[in-house]
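Here is what each chain is made of, one letter per residue.
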Amino acid sequence: LKRQVAQATKMQAVGQLAGGVAHDFNNILTAIIGHCDLMLMRHTPGDSDYDDIQQVKANSNRAASLTRQLLAFSRQQTLRPQVLQLPDVVSDVSSLLKRLLGETITLTINHGRNLAPVRADPGQLEQVIVNLAVNARDAMQAGSEGGGTLTLQTYPVTGQDSRQLNNDIMPVGEYTALRVTDTGVGIPAEHLAKIFEPFFTTKEVGKGTGLGLSTVYGIVKQSGGFIFAESEEGKGTSFVLYLPVHRADPAEAEAPVREKARTGEL
Ligand code: ADP
């Protein structure tokens, strides 16, 4: 629990700092890109300065897309939760996933029966799934085969199961789970504790920001849920996401869970 609180505090501090810097940076970059466009209008393709200006513009665009990611991360967008079924969110995002995964990665989707609805922001959940899928793709493309299988599974988790799974962090209760499994290179044990930290990345400069999983973590926490990673090097990785079941009966204790999530207690 201590680690979770430390993580939440750290994310907040980094978020505020990053948001402020990113905002100013974005304005500066917009000016640079605008002036590049003005200069390009005074040159013709092929003349000696044209390519250099193009390069400045292309790199500024890359920097701008990075700052946009930072902004999205720091904004801590307010959730618009809805009662929804996880399989519906998965199916809404599946064609995007197929495009993203390309030809060498197979997408397998498996839904459990009698799933209970959860209460979450569908757009944010889609972002969670996309972020996990992008990482999974990178991990599979980094492997010797350059491809693999991404499996999305949904299933119900009863109180008893949840106790067996994570007795010290996750309260016993009813959850609907989503497991995202890849056959990629895996995560070394010494990295597993750090992957949800902002800015932790093993990717080359310009390829990874280290913000994907901390964004995922933030969204899951804000939704009152839990996320865990399991991995075996050379075999693959699973991320398991647990969202508390939504009960229509207002007598059931749903509010306390959300209240705790809001105050960062979970
Ligand atoms: P980024 O993808 O920009 O590096 P993330 O926060 O999304 O940032 O991920 C942090 C790090 O966690 C990655 O750089 C990678 O080392 C590791 N990682 C995340 N997902 C996976 C995965 N499915 N397989 C292997 N490593 C992963």
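Residues numbered from 1 in each chain as written. Predicted model: local features only at pLDDT ≥ 70, side-chain atom pairs only at ≥ 80, totals over all residues.

(A) Quick peek at the overall build of the chain. On a plain count of helices and strands, the chain comes out with eight helices and seven strands. Counting across all 266 residues of the chain, residues that qualify as buried make up 29%. In the chain, the share of contacts with a sequence separation of at least 24, taken over all contacts with a separation of at least 6, comes to 74%. (Helix = DSSP H or I, 4+ residues; strand = E, 2+ residues; numbered from the N terminus. Buried ≥ 20, exposed ≤ 12 C-beta atoms within 10 Å, placed from the backbone. Contact = placed C-beta atoms within 7 Å.)

(B) Broad picture of helix H3 (residues 86-101). Where H3 bends most, at Ser-94, the angle is about 45 degrees. The set of residues buried in H3 consists of Leu-86, Val-89, Val-90, Val-93, Leu-97 and Leu-101. Against strand E1 (82-84), strand E2 (105-111), strand E3 (118-120), helix H4 (122-141), strand E4 (148-157) and strand E5 (175-182) lie the buried residues of H3. Just downstream of H3 lies Gly-102, where phi reads positive at about 75 degrees. (Bend = angle between axes of the 7 residues up to and from the residue.)

(C) Here's a closer look at the nonpolar core. Val-128, Leu-132, Val-216, Val-220, Ile-227, Leu-241 and Tyr-242 are the most contacted members of the largest nonpolar core, which has 40 residues in total. At the level of secondary structure, the elements contributing two or more residues to this core comprise H3, E3, H4, E4, E5, helix H7 (212-222), strand E6 (226-232) and strand E7 (236-244). The dominant element in this core, judged by the number of residues it contributes, is H4, at eight residues. Residues contacting Tyr-242, with those up to four places away along its chain left out, are Val-157, Met-170, Tyr-175, Ala-177, Gly-225 and Phe-226. (Core = buried A, V, L, I, M, F, W, Y, C linked by C-beta atoms within 7 Å.)

(D) Seen up close, the packing of H3 against H4. Remark: H3 packs on H4, axes separated minimally by 10 Å, with the N-to-C direction vectors making an angle of 30 degrees. The orientation of H3 with respect to H4, classified from their angle, is roughly parallel. In terms of crossing hand, the pair formed by H3 and H4 is right-handed. Contacts from Val-89, Val-90, Asp-92, Val-93, Leu-96, Leu-97, Leu-100 and Leu-101 in H3 reach Pro-122, Leu-125, Glu-126, Ile-129, Val-130, Ala-133, Val-134 and Arg-137 in H4. Partitioning the contact of H3 with H4 into residue classes produces 13 nonpolar, no polar and three charged. (Axes fitted to C-alpha atoms, helices over the stretch in contact; angles between N-to-C directions. Parallel < 35°, antiparallel > 145°, perpendicular 65-115°, else oblique. Left-handed = near helix turned anticlockwise from the far one by under 90°. Nonpolar A, V, L, I, M, F, W, Y, C, P; charged D, E, K, R; others polar.)

(E) Geometry of the site of the ligand. Contacts to the ligand come from 21 residues, most closely from Asn-135, Ala-139, Thr-201, Gly-208 and Gly-212. At the level of elements, H4 and H7 are the ones that each hand at least two residues to the shell around the ligand. Residue composition of the shell around the ligand, by class: eight nonpolar, 11 polar and two charged. (Near = placed C-beta within 6 Å.)

(F) Expanded view of the environment of Gly-148. Its place among the elements puts Gly-148 in strand E4. Gly-148 sits in the buried class, given 22 other C-beta atoms within 10 Å. Taking the C-alpha atoms as reference points, Gly-148 and Gly-236, 88 residues apart in sequence, are found 9.7 Å from one another. For Gly-148, the contacting residues outside a window of four places in its chain are Ile-105, Met-140, Gly-143, Asp-182, Thr-183 and Gly-184.

(G) Examining the confidence of the model for the chain more closely. Per-residue confidence for the chain averages 84 on the pLDDT scale, and 82% of its residues sit at or above 70. Confidence, read as mean pLDDT per element, is least for helix H8 (residues 255-262) in the chain (45) and greatest for E2 (97). Low pLDDT, under 50, characterises residues 253-266; the predicted model gives this stretch 14 contacts beyond four residues in sequence or across chains. Scored as a whole, the predicted complex attains pTM 0.73, and scored at its interfaces, ipTM 0.99. (pLDDT = per-residue confidence, 0-100.)

(H) Looking closely at the pairing of E5. A large share of E5 lies buried, amounting to seven of its eight residues. In terms of strand pairing, E4 meets E5 through seven bridges, oriented antiparallel. In the strand pairing of E5, Tyr-155 is matched with Ala-177. In terms of strand pairing, E5 meets E7 through eight bridges, oriented antiparallel. In the sheet register, Leu-178 faces E7, and the bridge partner there is Leu-241. (Pairing = 2+ DSSP bridges.)

(I) Spatial organisation of the packing of H4 against H7. Put simply, H4 and H7 touch, their axes get as near as 9 Å, and they point 150 degrees apart. In terms of their interaxial angle, H4 and H7 are classed as roughly antiparallel. When you trace H4 past H7, the crossing you get is left-handed. The segment H4 lies against H7, with Gln-124, Gln-127, Val-128, Asn-131, Leu-132, Val-134 and Asn-135 engaging Gly-212, Leu-213, Thr-215, Val-216, Ile-219 and Val-220. Counted by class, the contact of H4 with H7 contains seven nonpolar, six polar and no charged residues.

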